[in-house]
Amino acid sequence: MLKAAADPGYARWEDQIRRTGGCSDPIHITGWTVAKDKTSGETLHRYSTENEPGARLRIACGNRRASCCPSCAWTYAGDTYHLIRAGLAGDDRRDIPATVREHPRVFATLTAPSFGPVHNRPAGRPCRCGKHHQEDAVELGTALDPETYDYAGSVLFNNHAGQLWQRFTTRLRREIAACAGLTQRELKEVVRISYGKVAEFQKRGAIHFHVVIRIDGPAGALTPPPLWASTELLDHSIRAAAAHSYTSATVPAAADQPARTFRWGTQLDIRPIKAFNEGSDITEQAVASYVAKYATKAAETTGASDTAVHCRQCRGTGLSSRYSHSGGPLSRCARCHGTGLGEDLARMSVSEHARRLMGACAALQPLYPDRPLTRWAHMLGFRGHFSTKSRQYSTTLGDLRQTRADYRAAQEREARGLGDVEPGTVLVLASWQYAGHGHSPGESVLAATIARDIRLNRQTAREALAELTTVQEAGL
Ligand SMILES: [Zn+2]
Ligand SMILES: [Zn+2]
Ligand SMILES: [Zn+2]
């Protein structure tokens, strides 16, 4: 740490890390860029990483997961918050009118079914094992009886969660049409269903979805929904769609595995979203914060591994990628000897519950060769995106990132004395190469300090802004 701090390039290094937001695993690049005037050919600006510390420029890794990079995850959470909130309260900079607030919308939680009893903390009662577990007890969410717990069912459910969601949305449109007395085609002409969703792992390792569901007019957020579209109708339709037999995913029997039909769990929670807290309803801010919080978490909250555990050679299939000349079945992958695993699960420092779930993925893989299970073992079989939204819901993460990049580019141009130059008259030549990633151990400590600093500053700014917005919304 002292060596890093005493380096003559330290100030510039610190500046680079500040710009990455205190990224804990920055990408290193080397290269140069030259800006020339298109007509005169005059060089307006020249930059090369030659004079940077270690002759490298460090840029943010952009990882969404807090366990991988707390700083980039923080940025991601902030973007997700704005994305969800824009879809709830509107955002005039992004063409989402404030009238979306009048559209019927709810915050729904679709859970996974039971795969066997787990240790829990029921209100006012002891757990089934007889103990009163502490809030942070390691047993929570793990099987009461590991011998009978359906680990295979749990990972297969996670693996099919995306399909179940697709079926649910299809059925939801049908239910809404039925409620309104319209055909599917007629419904399309007057209504669009928009949603923003985030996946979360429950302690037991089963995935569940938190979703904002909104009824818009035919052109999305910009158009008002028809008068018959109410929060009650939406609530009723969601319940009907979740319970309908169409909303299911089937898995055929294979070897010792029974045929399975997955449905959502019976714990369906639907709450109307209000601009302000009124009784049991939840507010726009609460929903957006909640979703943002879960967007940066993955399976590690259940004690699983935070990196992939499959064999890179065969991508977890356990099979050689070459076709056999005899036309027979593919041969076993030489690197993992057919296990599909790149890590020894028995030696990994993960919880026993997570180990069993990851082991179930690998054991099921040969039975369901078409489903990527071992490839997603570290996600306990879930292979979907953590946060997704329909096109019409609100702005996009890409759009939010672009806004930030534009702002930085404008700042850069200003700093280089190019602020007044018309962008169309400048020719930019550049060449960049990847040169590695990460920090030295000493740099790590310093980067973590910078990250804490930045977070504290941003937190203060966010809180001040939130207070200001509340005051404005209340018309004070
Ligand atoms: Zn990062
Ligand atoms: Zn218990
Ligand atoms: Zn392999």
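Reading the values: the criteria
- Here, residues in each chain are numbered from 1, in the same order as that chain's written sequence.
- Chain letters start at A and ligand numbers start at 1, both assigned in the order the entries are written.
- Residues qualify for local features only when their pLDDT is at least 70, as the model is predicted, and side-chain atom pairs are given and counted only at 80 or more; totals for whole chains, interfaces and linings, by contrast, use all residues.
- By the criteria applied, helices consist of DSSP H or I runs no shorter than four residues and strands consist of E runs no shorter than two, each listed in order from the N terminus.
- Note on contacts: each residue gets a C-beta atom placed from the backbone, and two residues are in contact if those atoms are within 7 Å.
- Helix span, as expected, comes to 1.5 Å for every residue beyond the first.
- Here a residue counts as buried when 20 or more other C-beta atoms sit within 10 Å of its C-beta, as exposed when there are 12 or fewer, and as partly exposed otherwise, the C-beta atoms being derived from the backbone.
- For the purposes of this description, domain bounds are those given by an automatic or database domain assignment.
- Put simply, Ala, Val, Leu, Ile, Met, Phe, Trp, Tyr, Cys and Pro go in the nonpolar bin, Asp, Glu, Lys and Arg in the charged bin, and everything else, Gly too, in the polar bin.
- Two strands qualify as a pair provided DSSP detects at least 2 bridges between them.
- Note on method: axes are straight lines fitted to C-alpha atoms, helices fitted across the in-contact stretch only, with angles between N-to-C directions ranging 0 to 180 degrees.
- Across the chain, bend at a residue is computed as the angle between axes fitted to the seven residues ending at that point and the seven starting from it.
- A set of buried Ala, Val, Leu, Ile, Met, Phe, Trp, Tyr and Cys residues, joined to one another through C-beta atoms within 7 Å, is what we call a nonpolar core.
- By the definition adopted for this analysis, an angle is roughly parallel if under 35 degrees, roughly antiparallel if over 145, roughly perpendicular if from 65 to 115, and oblique otherwise.
- By definition, any crossing whose near helix is turned counterclockwise from its far helix by less than a right angle is left-handed, and any crossing with a clockwise turn is right-handed.

Novice: Explain the overall build of the protein chain to me, and be specific about the residues and the numbers.
Specialist: Helix and strand content of the protein chain: 10 helices and 12 strands. Principal-axis analysis of the C-alpha atoms gives the protein chain an extent of 70 × 65 × 55 Å. Put simply, of all contacts in the protein chain between residues at least 6 apart along the chain, 70% involve residues at least 24 apart.

Novice: Explain helix α3 (residues 70-89) to me, and be specific about the residues and the numbers.
Specialist: Between its first and last C-alpha atoms α3 spans 28 Å; for 20 residues at 1.5 Å apiece the expected length is 28 Å, and the two agree. Within α3, 18 of the 20 residues are buried, which leaves it mostly tucked inside the rest of the structure. Positive phi shows up at G90, right after α3, with a value of about 85°.

Novice: Any chance you could break down the domain arrangement of the protein chain for me, citing the residues and the numbers?
Specialist: Here the domain parsing of the protein chain yields domain 1 (2-65 + 401-473) and domain 2 (70-305 + 387-397). Across the contact, 13 residues belong to domain 1 and 11 residues belong to domain 2. Counted by class, the side of domain 1 that touches domain 2 contains four nonpolar, five polar and four charged residues.

Novice: Residue-level account of the sheet that holds strand β6 (residues 207-216), with values.
Specialist: A sheet is described by the order of its strands in space; here six strands give the open sequence β10-β9-β4-β6-β5-β11, paired in mixed fashion. The strands lining the two open edges of the sheet, one partner per strand, are β10 (282-283) and β11 (387-389). Bridging between strand β5 (residues 192-201) and β11 involves three bridges; their strand directions are antiparallel. If you follow V198 over to β11, its bridge partner there is S387. In the packing of α3 onto the sheet, contacts are made with β4 (105-110), β5, β6, β9 (269-274) and β11, and the angle to β6 comes to roughly 35°.

Novice: Lay out helix α4 (residues 151-180) in plain terms, naming residues and giving numbers.
Specialist: The terminal C-alpha atoms of α4, which comprises 30 residues, lie 42 Å apart, in line with the 44 Å expected from a rise of 1.5 Å per residue. The sharpest bend along α4 measures roughly 50° and falls at H160. Once α4 ends, the next one or two residues include G181, with phi positive near 70°.

Novice: How would you summarise the nonpolar core if you had to cite specific residues and measurements?
Specialist: Judged by nonpolar contacts, the single largest core of 89 residues is most densely connected at I84, V155, I213, M358 and C361. Counting residues per element, the ones that place at least two in this core are α3, β4, α4, β5, β6, α6 (231-243), α7 (284-295) and α8 (352-364). Those residues in contact with I84, other than ones at most four positions away along the chain, are G196, V212, V287, A288, V291 and A292.

Novice: Can you lay out the packing of α4 against α6 for me, pointing to particular residues and giving the numbers?
Specialist: Direction vectors running N to C along α4 and α6 enclose 130°, while the axes themselves pass 8 Å from each other. One element, α4, and the other, α6, form an angle in the oblique class. Where α4 crosses over α6, the two elements pack in a sense that is right-handed. On the side of α4, the interface is formed by F168, R171, L172, E175, I176 and C179, while α6 contributes L233, H236, S237, I238, A240, A241 and A242. Grouping the amino acids of the contact of α4 with α6 by side-chain chemistry returns nine nonpolar, two polar and two charged.

Novice: Hey, could you go over the pairing of strand β12 (residues 426-437) for me, with residue numbers and the actual values?
Specialist: Burial of β12 is sparse: only zero of the 12 residues sit out of reach of the surface. Two strands pair when backbone bridges link them, and strand β1 (residues 27-37) and β12 are joined in this way by 10 bridges, in the antiparallel orientation. Across the sheet, I27 pairs through a bridge with H437, a residue of β12.

Novice: For the pairing of β6, give the residues involved together with the corresponding values.
Specialist: Of all 10 residues that make up β6, 10 are buried, and the element is covered over most of its length. Neither face of β6 is open: one carries I207, F209, V211, I213 and I215, the other H208, H210, V212, R214 and D216, and all of them are buried. Sheet topology places β4 next to β6; six bridges connect them, and they run antiparallel. If you follow L110 over to β6, its bridge partner there is F209. Both β5 and β6 contribute to a ladder of 10 bridges, which runs antiparallel. Counterpart to G196 in the pairing with β6 is V212. Where β5 hands over to β6, the hairpin turn is made up of five residues, of which G205 adopts a positive phi near 95°.

Novice: For the environment of F262, give the residues involved together with the corresponding values.
Specialist: Counting through the fold element by element, F262 comes out in strand β8 (residues 260-262). Its 21 C-beta neighbours within 10 Å are what place F262 among the buried residues. Not counting the four nearest positions on each side in its chain, F262 is found in contact with F157, H160, L164, S248 and A249.

Novice: How would you sum up the packing of α4 against α8? Please name residues and give values.
Specialist: With their axes 9 Å apart at the nearest point, α4 and α8 run at an angle of 75° to one another. It follows from the interaxial angle that α4 and α8 lie roughly perpendicular. In contact with Y151, A152, S154, V155 and L156 of α4, α8 contributes R356, L357, A360, C361 and L364. Split into classes, the residues belonging to the contact of α4 with α8 amount to eight nonpolar, one polar and one charged.

Novice: Pulling in residues and values, what's your account of unusual backbone geometry?
Specialist: Of note in the backbone geometry, A255 takes a positive phi value of approximately 50° without being a glycine. What makes A255 exposed here is the crowd of 8 C-beta atoms within 10 Å. Unusually for a residue other than glycine, H337 sits at a positive phi of about 55°. Considering the arrangement of structural elements, one finds H337 in the loop between α7 and α8. A count of 11 C-beta atoms within 10 Å places H337 in the exposed class.

Novice: With reference to specific residues and values, describe the environment of K36.
Specialist: Among the structural elements, K36 can be located in strand β1. Note on K36: 17 C-beta atoms within 10 Å, which makes it partly exposed. For K36 and T425, which are 389 residues apart along the polypeptide, the C-alpha to C-alpha distance reads 8.5 Å.

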